[in-house]
Amino acid sequence: MQNWAFYYLSLLKTLNPARVLNVSLVGISFQISKVFRIPILAGKPWAASIEPTTYCNLQCPECPTGMQSLTRRQGTMDTGVFRSILDKLSPGLLHLTLYFQGEPFLNPRFADMVQIARKRRIFVVTSTNGHHLSEKNVENIIRSGLNHLIISLDGMDQQTYEKYRVNGNFLTVTQGIHRLVAARKAMKSRTPFIELQFIVMRHNEHQMEQVREFAKMAGVDKLSYKTAQVYHFDVAGTIIPKLKEKSRYSQLPDGSWVMAKKIRNRCKRVWSSIVLTWEGNVVPCCYDKNADYQAGNLLNDSLEAIWKNQRYTSFRQQVLNNRSEIEICRNCGE
């Protein structure tokens, strides 16, 4: 595990006086809002998540995309739309997650989108299921300047892996990881920072040490264990791990499940970041999978008009008053 110094240096390189001021204004206004329970907002979002596509090659059972339960229109963002969105988000934007729903590498222009953002000195991260790390793709990823790549690997053999990553191929993913690490070395590049992500579930928690050994052997930069998010609690007992420290839920005496952590009346993400669907629709956070709390469309309106409009303001006010009453917040670990 390595590359940390370069990772933080890359983040620092995105900063300039205007961005530092914007981040400071956002942070101060959030703190004041928490104290007075009024949604005061200064500055603009310094982080964003943009959706390259809603399509995916897998059918993960607790993912709205995999379960094909998304109620909104599906599609893929083109670079023209992407440029238009960045034009309105810049220059305050310094961190971009090029992912929301779907598998980002199914967008054929994904590498171009990364390059467009990197030319604006924006730090870019994405998350993938790892099935598209071909020789050509890994070279394009490295040349694009992508800063941070998260690769999901939720099992250490095909039988365990495919229990959640339905239609997935364990060998394809592990070979792709090796290919990416080797290509990065061969091309003498320090990017992307490679993070291996392991969602801890009932059927794979016994392989936590195995994935740690694999991460070291493969030469990735970081291994992270993620808690599983559950939508269907009738099958929660087969998904939620026995290890309490790796679960975001607790089971009550009557057998029902609740969030292990108390839902607090605050959320810095709603002050600091913005999430956009492939069509340019603005939603408050990544838990709004179906865009039920849509606040506007950035292709039709200015950022200023949407960021402080009545719907967004009302949502922030409810976060400060009673966040547990917001449907999308009830399953959030924030």
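Here, every reference points to the structure presented above.
Reference entry: report on the structure contained in this document. All residue numbers here refer to positions counted from 1 along the written sequence of the relevant chain. The predicted nature of this model means local features are confined to residues of pLDDT at least 70 and side-chain atom pairs, given and counted, to a pLDDT of 80 or more, with totals for whole chains, interfaces and linings taken over all residues. No hydrogens and no water enter the side-chain calculation; it runs on all heavy atoms of the structure.

1. A few points about the overall build of the protein
Helix numbering and strand numbering both begin at the N terminus, where a helix is a DSSP run of H or I of at least 4 residues and a strand a DSSP run of E of at least 2. Helix and strand counts for the protein stand at 11 helices and 11 strands. With the radius of gyration taken over C-alpha atoms, the globule rule is written as 2.2 Å times the number of residues to the power 0.38. Against the compact-globule benchmark of 20 Å for 334 residues, the protein has a radius of gyration of 20 Å, which places it among compact chains. Its C-alpha atoms give the protein principal-axis dimensions of roughly 55 × 50 × 35 Å. Remark: exposure states derive from per-residue accessible area (1.4 Å probe, protein chains only) relative to the maximum for the residue type, with buried under 20%, exposed over 50%, and partly exposed in between. With 334 residues in all, the protein has 53% of them scored as buried. Contact criterion: two residues are considered in contact whenever any of their non-hydrogen atoms come within 4.5 Å of each other. Considering only contacts in the protein between residues 6 or more positions apart, those separated by 24 or more positions represent 70%.

2. Regarding helix H11 (residues 310–322)
Helix span, expected: 1.5 Å multiplied by one less than the number of residues in the helix. Taking 1.5 Å per residue as the helical rise, H11 with its 13 residues ought to reach 18 Å, and the 18 Å between its terminal C-alpha atoms agrees with that figure. Buried within H11 are the following residues: Tyr312, Phe315, Arg316, Val319 and Leu320. Viewed along the axis of H11, the buried residues span an arc of 135°, placing them on a single side of the element. Check the buried side of H11 and you find it contacts helix H2 (17–36), helix H9 (269–272), strand E9 (273–276), strand E10 (281–283) and helix H10 (303–307). Where H11 begins, the side chain of Asn309 points an oxygen toward the backbone nitrogen of Arg311, at a separation of 3.3 Å. To be clear, the arc concerns the directions from the helix axis to the C-beta atoms. N or O atoms within 3.5 Å of each other form a polar contact, as long as, within protein, one can give a hydrogen and the other can take it, and as long as residues adjacent in sequence are counted only when both atoms are side-chain atoms.

3. Concerning the pattern of salt bridges
A pair is scored as a salt bridge if a Lys or Arg side-chain nitrogen falls within 4 Å of a carboxyl oxygen belonging to Asp or Glu. Counted under the stated rule, the structure contains 9 salt bridges. The salt bridge involving Arg72 is made with Glu51; its shortest N-O contact spans 2.7 Å. Taken as a pair, Arg72 in the loop between strand E1 (47–50) and helix H3 (79–89) and Glu51 in the loop between E1 and H3 lie far apart in primary sequence, 21 residues in all. Each of the two residues, Arg72 as well as Glu51, counts as buried. Where Asp112 meets Arg109, a salt bridge forms, and the shortest distance between an N and an O atom there is 2.9 Å.

4. So, unusual backbone geometry
Looking along the chain, the bond that leaves Ser90 and enters Pro91 is cis, with omega of 0°. By secondary structure assignment, the location of Pro91 is in the loop between H3 and strand E2 (95–97). The omega angle of the peptide bond from Thr191 to Pro192 is 0°, so this bond is cis rather than trans. Locating Pro192 in the fold gives a position in the loop between helix H7 (170–186) and strand E5 (193–200). At Arg121, a residue that is not glycine, the phi angle is positive and equals roughly 60°. Topologically, Arg121 is positioned in the loop between helix H4 (110–118) and strand E3 (123–128). Take Arg121: its relative accessible area is 41%, and that puts it in the partly exposed class.

5. Section: the packing of H3 against H4
The relative placement of two packed helices comes down to the angle between their axes together with the axis-to-axis distance. Where H3 meets H4, the axes come as close as 10 Å, and the angle between the chain directions of the two elements is 20°. Looking at the two axes, H3 sits roughly parallel to H4. Crossing angle aside, the handedness with which H3 passes H4 is right-handed. On H4, the residues that touch Thr79, Phe82, Arg83 and Leu86 of H3 are Asp112, Met113, Ile116 and Ala117. Each residue receives one of three labels: charged for Asp, Glu, Lys and Arg, nonpolar for Ala, Val, Leu, Ile, Met, Phe, Trp, Tyr, Cys and Pro, and polar for the others, Gly being one of them. Taken together, the residues of the contact of H3 with H4 break down into 5 nonpolar, 1 polar and 2 charged. Axis lines are fitted to C-alpha atoms, over the contacting stretch for helices. Their N-to-C directions set the angle, which ranges from 0 to 180 degrees. Any angle from 65 to 115 degrees is called roughly perpendicular, while one under 35 is roughly parallel, one over 145 is roughly antiparallel, and all others are oblique. For any helix crossing, the convention is left-handed if the near helix is rotated counterclockwise from the far helix by under a right angle, and right-handed if that rotation is clockwise.

6. Quick look at the nonpolar core
Residues enter a nonpolar core if they are buried and are Ala, Val, Leu, Ile, Met, Phe, Trp, Tyr or Cys, with the set joined through side-chain atoms within 4.5 Å. By size, the foremost hydrophobic cluster in this structure holds 84 residues, and its most contacted members are Ile50, Phe82, Leu89, Leu153 and Leu196. Among the elements that line this core, the one with the most residues is H7, at 6 residues. Excluding anything up to four places from it in sequence, Leu89 contacts Ala48, Ile50, Ile274, Leu276, Leu298 and Leu303.

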